Amino acid sequence: AQSVTQLGSHVSVSEGALVLLRCNYSSSVPPYLFWYVQYPNQGLQLLLKYTSAATLVKGINGFEAEFKKSETSFHLTKPSAHMSDAAEYFCAVSATGNQFYFGTGTSLTVIP
Amino acid sequence: DAGITQSPRHKVTETGTPVTLRCHQTENHRYMYWYRQDPGHGLRLIHYSYGVKDTDKGEVSDGYSVSRSKTEDFLLTLESATSSQTSVYFCAISRDFSGANVLTFGAGSRLTVL
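Here's what I pulled together on the structure shown here. Model, not experiment: these values are computed from the prediction. (Residues numbered from 1 in each chain as written. Chains lettered and ligands numbered in written order. Predicted model: local features only at pLDDT ≥ 70, side-chain atom pairs only at ≥ 80, totals over all residues. Heavy atoms only, no water.)

Let us now look at the environment of Ser87(B). All names here are of chain B. Take Ser87: it is sitting in strand E9 (residues 87-97). Judged by relative accessible area, which is 6%, Ser87 ranks as buried. Of note is the side chain of Ser87, whose polar atom sits 2.8 Å from the side chain of Asp38. (Helix = DSSP H or I, 4+ residues; strand = E, 2+ residues; numbered from the N terminus. Buried < 20%, exposed > 50% of the residue type's maximum accessible area, 1.4 Å probe, protein only. Polar contact = N/O pair within 3.5 Å; in protein donor to acceptor, adjacent residues only side chain to side chain.)

And the structure:
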C-alpha cells in the first residue's frame, strides 16, 4: 500500500524567508516521489521528482527536496520565498510507476 | 497542458441527472486517469485506463464509470449525479520524463450538483 501525509494544511512565510513543506510517505517498495504545484484555478504542474538517483532533487523555480529513507520523508524547501510562490503544493507517491497517490495538499501563503 | 483538453470546463446539473466529462489527449499516451479534488482530501483517484477498453478502479470509484473506446479519449460518467459529487475533476496522462513516469494534468472540470 502507498500513501502520503502532508503535515500542515496551511503554511505562511514572509517574503524572503525559508519555505519548508513537509511530506512523509508510506510504501512497501522503493517509491517514486513527486511534488506538484497548483496555482489558483489551474491544473497541477510538476515541480520535481525523485526516482532513486540523487537523494537531493532540484526542481523548477528554485525548489528542491531531499529523499530521506530512514525518515520516510521527502520535504520540499526553497531558501527564499517569493510572492509568486503562493499556491497549493501536493506531494505524491508511486510505487508501480503507473498509479499515483496524492497527499491532501499544503496551501502556502507568502506575506509581503 | 501537454495536449490534454477537458470538457466541459464548468457544469451545473441537478441531482439524479447523468453527466459525462470528456478528456482528450493529442499525444497517444497509454495511461489516462481521472481524479477528483476536494478541500481537505487532495486529489483522489477515481478510475484509470491503461489502454483502449482497459480500465480499472481507483480509491473513490463508487458512482462513477469510465470508457475508453479510442486512445485519445477517456470519458468519465456519473450515472446519477449526487451533491457529494460536486467537485473539480482532473484528467491526467502518464508520460516518461527523464526516465520516470510523471503525471501531466488537464485544466480541470468544475462540476456542481444541485
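Okay, the sheet that holds strand E3 (residues 19-26) of chain A next. By way of backbone hydrogen bonds, the strands of a sheet pair with one another, either parallel or antiparallel. All names here are of chain A. Sheet architecture is open: 5 strands sit in the order E1-E3-E8-E7-E6, paired in antiparallel fashion. If you trace the sheet from one side to the other, it starts and ends with strand E1 (3-7) and strand E6 (56-58), each paired once. Sheet twist, expressed as the average angle between the axes of neighbouring strands with direction ignored, equals 20 degrees. Of the strand pairs in this sheet, strand E7 (residues 64-68) and strand E8 (residues 73-78) are connected by 5 bridges, and their pairing is antiparallel. Among the inter-strand pairings, Glu64 is bridged to a residue of E8, identified as Thr77. (Pairing = 2+ DSSP bridges. Axes fitted to C-alpha atoms, helices over the stretch in contact; angles between N-to-C directions.)

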